[in-house]
Amino acid sequence: MASSTPPPLTTTKPYQNHHLPHHHNHQTHPHNHRQSVHHHQWTSLKKPPPRHAAKPPPGPTTTTTTTTSTSTNPNFPSLSSLPPSTKSDLSADFSGRRSTRFVSKLHFGRPKTAFGSRHTSSAEEALHLAIRHRSDDNNSSHIDSLLLNFQHKLSGTDDYTFLLRELGNRGEYSMAMRCFEFAVRRERRRNEQGKLASTMISVLGRLGKVDLARKVFDTAVVEGYGNTVYAYSALISAYAKSGCCDEAIKVFETMKSCNLKPNLVTYNALIDACGKGGAGFDLASEIFDEMLGNGVQPDRITFNSLLAVCSGAGLWETARNLFSEMVYRGIEQDIYTYNTLLDAACSGGQMDVAFEIMSEMPTKHILPNEVTYSIMIRGCAKAGRLDKALSLFNEMKFAGINLDRVSYNTLLAIYASLGRFEEALSVGNEMESMGIKKDVVTYNALLDGYGKQGKYDKVKELFSEMKAERLSPNLLTYSTLISVYSKGGLYKEAMEVYNEFKQKGLKADVVFYSKLIDALCKKGLVESSALLLDEMTEKGIQPNVVTYNSIINAFGQSATGECPDGIIESLVQSSPSVFFQEENDEDDSIIKIFEELAAESSCHSKQDNRIGQEISCILGVFQKMHNLRIKPNVVTFSAILNACSRCNSFEEASMLLEELRLFDNQVYGVAHGLLMGQRENVWMQALSLFDEVKQMDSSTASAFYNALTDMLWHFGQRQGAQLVVLEGKQRHVWENTWSDSCLDLHLMSSGAARAMVHAWLLNIRSVVFEGQELPKLLSILTGWGKHSKVVGDGTLKRAIETLLVGMGAPFRVAQCNIGRFTSTGALVTAWLRELETLKVLILHDDRKHTGIGTLELRPPFQTIPL
């Protein structure tokens, strides 16, 4: 399970206070490196930070480099205040092709470290003419004649490297290549040619033209001016920016075999490759260790790159310890440091800590920018704190920070997910009025939002509009549409979209399969989902923990009559060589599944048999997780507990619990102990577990409490379920759970909600018998059942209505809100004073066991292959 919450970073003023002086410093101060290599302890998630670095100093120790701002609000940098080249880069980065996380890792405002910063005015004039007179057909041949005219005015390598960088900033890589070839032919000195090659490789790497960068490098090596540390470092960096970690490491090893000693730039680029290539923190840590062992001291970029690795992997604890190490070494932090630290906190579900980090930034004279807010807003949206996300948008506008493309798309996605489409479309209109056209990300958000609300006609209309705007649907577009149609039972439409997807020549990835598997799981089609899991593995696509969680969580859910008879048999009988071929649609397993589902065949197999088949599938899924070393998370544990609560018998649940023990003995011990009535023996362990769960984001924590209480309620451990929900209430797992007049259940599962109703009514009864008067109106809120086929007829509402009727409680459905039960205080008071009421309110466990034992009904564990 997760480790405990780290101590918050030093905070003295809330981040809303934007009246601090903004320091404009464009020189990087030398770092105060220590002579001895500091023994770092941040590589392990379970280890605490170094004792001397456990708490950062209360104030900044060095002057922080920040971005100059000349916007209307002098305290905040804006797009209008950036240099033209930087603005061009920034607008391109927010074009929808790159995520907020990626853009947060760019070092805007950092002094350029490439060669040749002493260019002449002639170079600027040549650049201006090159951009001004470029051909409409993007033919860059005019640069040749321009360079011939300026060759006597340009001052050697300094001017040419300036041209290369600036042309690259504008995306004009063809002109940059012609300029490079012209300059190399003109230059005779090997070291100057090497500088030009290194600059050109860096430019191409930044533009994602890594294959072209490799050709420049290979040519430079063959011709005798590329065998330098700088050229190798530039190529490593190019591979890093494209996420090609393996290639970057190969270049690194070749470099060392050529007796070239890596420098700080080399190591920084290699660590960056680990982050962008998803190589994991262990490899980045090994590189860092080698770096220290070779006497190369880290700088801010080193730590920022390490933080980026943690951010991508959601390693919050390691990121926090890295930050402490950075402070201890006297290395200054910049806006990138804090943005990446925030991203790591948000990725790790530590939103409260993220807000504390954000509040520290002004005290270090580092003010939040559009990337900071985008990270926080996305984090809040992911954690389900949508109201907070919307308030951050308002705060961002009030602070004078311009919303960028990513911010607009995130805001639009939030409104769409809430079903507030008028506001979502209004955001889209405002976005276009600001000169930012709707892109694929915008349409994907709208398609997903309308799809979740079941507005399929609007989904089709938007998809047609998107193509009419000449926006090419991407992999996420198709996976979203297939998921939307599948969840809505529109299998014919889903099959049509899938056929179009194949015609486009796109290749399915883990997100595509995960969305499709999740859609089938939502329909209760566990076996079909498990077969697709096999297929993606056969194709070399590594499933992630989310994919497995969907299948586990689907166990026991009703297939709503849409499980086609014979679909599993027909697919299983297909030979593997046929099953995984893509050339023939007749042999495509996804097409087969959709065709069977679209045929609207009824499922004639008995429920008991289907559950038995599903258990076999789920056990096979568990085995695959073990074989592939997929690390489960708390969502996996919740899924297993949910699956237990859908079992028809205690014996079936025991097999799933055995898997839980193999994954995490602590969670198993608590779940098993409470299920067996061993509360006295396991309650302290349960409290420790609840402490860890509380450190996670609210949606994850509430899901775990819901799953645990549902399982306990399902197997008759009603008093145990009530104790668990009361612990959850005390720890504020569910926001605004109850007051004297209202009980809010809409974030709870049916088991947790029913246990909470009993607890709330007992609490009100104590108020009545203390002689206090109840409010005139009492309410129980269950939500509107937005995900139900009939609005207001959700599972939770039906469960609570049945419970209230069974107890004889005087609550009735409100006329103005069909998801709300109301009663007058007088009626409830009279009912609570009845002698029989107390008996129906007090919950009991079906089994109690004071001794320490094991699950007596647990059968021997065996794995059944799919």
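Here, residues in each chain are numbered from 1, in the same order as that chain's written sequence. Since the coordinates come from a predicted model, pLDDT governs what is reported: local features require at least 70, and pairs of side-chain atoms require 80 or more to be given and counted, while whole-chain, interface and lining totals use all residues. Hydrogens and waters are ignored; side-chain quantities use all the structure's heavy atoms.

(A) Quick look at the overall build of the protein chain. In this text, helices come from DSSP runs of H or I with a minimum length of four residues, and strands from runs of E with a minimum of two, each type numbered from the N-terminal end. Regarding its fold elements, the protein chain presents 41 helices and four strands. Note on exposure labels: buried denotes an accessible area under 20% of the residue type's maximum, exposed denotes more than 50%, and partly exposed covers the range between, all computed with a 1.4 Å probe on protein chains only. In the protein chain, which comprises 866 residues, the proportion classed as buried is 53%. Only heavy atoms enter the contact rule, under which two residues are in contact if any of them lie within 4.5 Å. The contacts in the protein chain between residues at least 6 apart in sequence include a share of 71% that link residues at least 24 apart.

(B) Broad picture of the nonpolar core. Judged by nonpolar contacts, the single largest core of 244 residues is most densely connected at Phe594, Phe704, Leu708, Met711, Leu745 and Phe811. Element by element, the count of residues in this core is highest for helix α38 (residues 750-769), at 10 residues. In this document the domain limits rely on a domain assignment from an automatic tool or a database. Structurally, this core is a two-domain feature, drawing no fewer than three residues from each of domain 1 (140-296) and domain 2 (736-846). Not counting chain neighbours up to four residues away, the residues in contact with Met711 comprise Leu641, Cys644, Ser645, Leu657, Ala671 and Leu675. Nonpolar core, defined: a set of buried Ala, Val, Leu, Ile, Met, Phe, Trp, Tyr and Cys residues in which side-chain atoms within 4.5 Å join the residues together.

(C) The pairing of strand β2 (residues 777-781), seen in detail. Bridge count for strand β1 (residues 742-744) against β2 is three bridges, and the pairing is parallel. Following the sheet pairing, Leu743 is matched in β2 by Ile780. The pairing of β2 with strand β4 (residues 820-824) spans five bridges and is classified as antiparallel. In the strand pairing of β4, Leu777 is matched with Thr824. At least two DSSP bridges between two strands are needed for those strands to be called paired.

(D) Focus on the pattern of salt bridges. One side-chain nitrogen of Lys or Arg within 4 Å of one carboxyl oxygen of Asp or Glu is enough to make a salt bridge. This structure, assessed with the given rule, holds 25 salt bridges. The closest approach of N and O atoms between Glu332 and Arg300, which form a salt bridge, is 3.8 Å. One end of the pair, Glu332, is in the loop between α14 (316-328) and α15 (335-347); the other, Arg300, is in helix α13 (residues 300-313), with 32 residues separating them in the sequence. Here the two residues Glu332 and Arg300 agree in accessibility, since each one is buried. One network of salt bridges, with partners in common, ties together Glu253, Lys256 and Glu290.

(E) Region of interest: helix α33 (residues 650-663). With 14 residues, α33 ought to run about 20 Å at 1.5 Å a step, and its terminal C-alpha atoms sit 20 Å apart, in line with that. Within α33, 11 of the 14 residues are buried, which leaves it mostly tucked inside the rest of the structure. Given the number of residues in a helix, its expected span is that number minus one, multiplied by 1.5 Å.

(F) Local environment of the sheet that holds β2. The strand order across the open sheet formed by four strands is β1-β2-β4-β3, and the pairing between neighbours is mixed. Each of the sheet's edge strands pairs with one partner strand only, and the pair in question is β1 and β3 (812-813). Relative to β4, β3 is paired through two bridges, and the arrangement is antiparallel. Note that in β4 the partner of Val813 across the bridge is Phe821. Angular values range over 0 to 180 degrees, each being the angle between N-to-C directions of two axes fitted as lines to C-alpha atoms, with helices fitted over their stretch in contact. Running at roughly 30° to β4, helix α39 (residues 795-807) makes contact with β2, β3 and β4 of the sheet. On top of the sheet, helix α40 (residues 825-832) reaches β2 and β4; it is set at about 80° to β4, its chief contact.

(G) Geometry of the state of the cysteines. Two cysteine sulfur atoms make up a disulfide if the distance between them is within 2.5 Å. With the rule as written, the count across this model stands at zero disulfides. The thiol sulfur of Cys244 is not disulfide-bonded, and the nearest other cysteine sulfur, from Cys245, lies at 9.3 Å. Unpaired in terms of disulfides, Cys245 finds its nearest cysteine sulfur in Cys274, a separation of 4.3 Å.

(H) Quick peek at α14. Across its 13 residues, α14 extends 19 Å between first and last C-alpha, which sits within 8% of the 18 Å expected from 1.5 Å per residue. Of all 13 residues that make up α14, 12 are buried, and the element is covered over most of its length. Turning to α14, its buried residues number three or more, namely Trp316, Glu317, Thr318, Ala319, Arg320, Asn321, Leu322, Phe323, Ser324, Glu325, Met326 and Val327. On its buried face, α14 sits against α12 (281-293), α13, α15 and α16 (351-360). Note on α14: the residue one or two positions beyond its end, Gly330, has a positive phi of about 75°.

(I) Spatial organisation of unusual backbone geometry. Although it is not a glycine, Asn259 sits at a positive phi angle of roughly 60°. Structurally, Asn259 can be placed in the loop between α10 (245-257) and α11 (264-277). Its identity as a non-glycine residue notwithstanding, His732 has a phi of 60°, on the positive side.

(J) Seen up close, the environment of Lys592. The residue Lys592 is located in helix α30 (residues 589-598) in this model. Distance from Lys592 to Met495, taken between C-alpha atoms, is 9.4 Å for residues 97 residues apart in sequence.

(K) A look at the packing of helix α27 (residues 545-554) against helix α32 (residues 634-645). Contact geometry for α27 and α32: axes closest at 8 Å, N-to-C directions at 15°. One finds that α27 runs roughly parallel with respect to α32. Every pair of crossing elements has a handedness; the one defined by α27 and α32 is left-handed. Counted together, Val545, Asn549, Ile552 and Asn553 of α27 and Val635, Thr636, Ala639, Ile640, Asn642 and Ala643 of α32 form the full contact between these two elements. When residues are sorted by character, Ala, Val, Leu, Ile, Met, Phe, Trp, Tyr, Cys and Pro go into the nonpolar class, Asp, Glu, Lys and Arg into the charged class, and all the rest, Gly among them, into the polar class. Residue classes in the contact of α27 with α32 are distributed as six nonpolar, four polar and no charged. Roughly parallel means an angle under 35 degrees; roughly antiparallel means over 145; roughly perpendicular covers 65 to 115; every other angle is labelled oblique. The handedness criterion is simple: a crossing whose near helix is rotated anticlockwise from the far helix by less than a right angle is left-handed, and one whose near helix is rotated clockwise is right-handed.

(L) Molecular detail of the environment of Val497. Position of Val497 among the secondary structure elements: in helix α24 (residues 491-503). Not counting chain neighbours up to four residues away, the residues in contact with Val497 comprise Tyr478, Leu481, Ile482 and Tyr485.

(M) Representation of the packing of α12 against α13. Interhelical geometry of α12 versus α13 gives an angle of 160° and a closest axis separation of 9 Å. One element, α12, and the other, α13, form an angle in the roughly antiparallel class. Here the hand of the crossing between α12 and α13 comes out left-handed. Taking contact as the criterion, the partners of Phe281, Ala284, Phe288 and Met291 in α12 are, on α13, Thr302, Phe303, Leu306, Val309 and Cys310. For the contact of α12 with α13, the per-class residue count stands at eight nonpolar, one polar and no charged.

(N) A look at the side chain of Asp343. Position of Asp343 among the secondary structure elements: in helix α15. You can call Asp343 buried: its relative accessible area is 8%. Polar side-chain contacts of Asp343 include one of 2.5 Å to the side chain of Ser311. Residues adjacent in sequence count toward polar contacts only when both atoms are side-chain atoms; beyond that, a polar contact is any pair of N or O atoms within 3.5 Å, and within protein one must be able to donate a hydrogen and the other to accept it.

(O) Region of the structure containing the packing of aromatic side chains. Only the six-membered ring of Trp is used, alongside the rings of Phe and Tyr, when aromatic pairs are assigned; centres must lie within 6.5 Å, and planes under 30 degrees apart are stacked while those over 60 apart are edge-to-face, with the rest tilted. This structure, assessed with the given rule, holds 19 aromatic pairs. An aromatic cluster is built from Phe463, Tyr478, Tyr498, Phe501, Phe512 and Tyr513, whose rings are joined through pairwise contacts. The rule for a charge over a ring is simple: NZ of Lys or CZ of Arg within 6 Å of the ring centre, and within 35 degrees of the ring normal. The ring centre of Phe150 lies 5.0 Å from the NZ or CZ of Lys153, which sits over that ring. Residue placement shows Arg833 over the ring face of Phe769; its charged tip is 5.4 Å from the ring centre.

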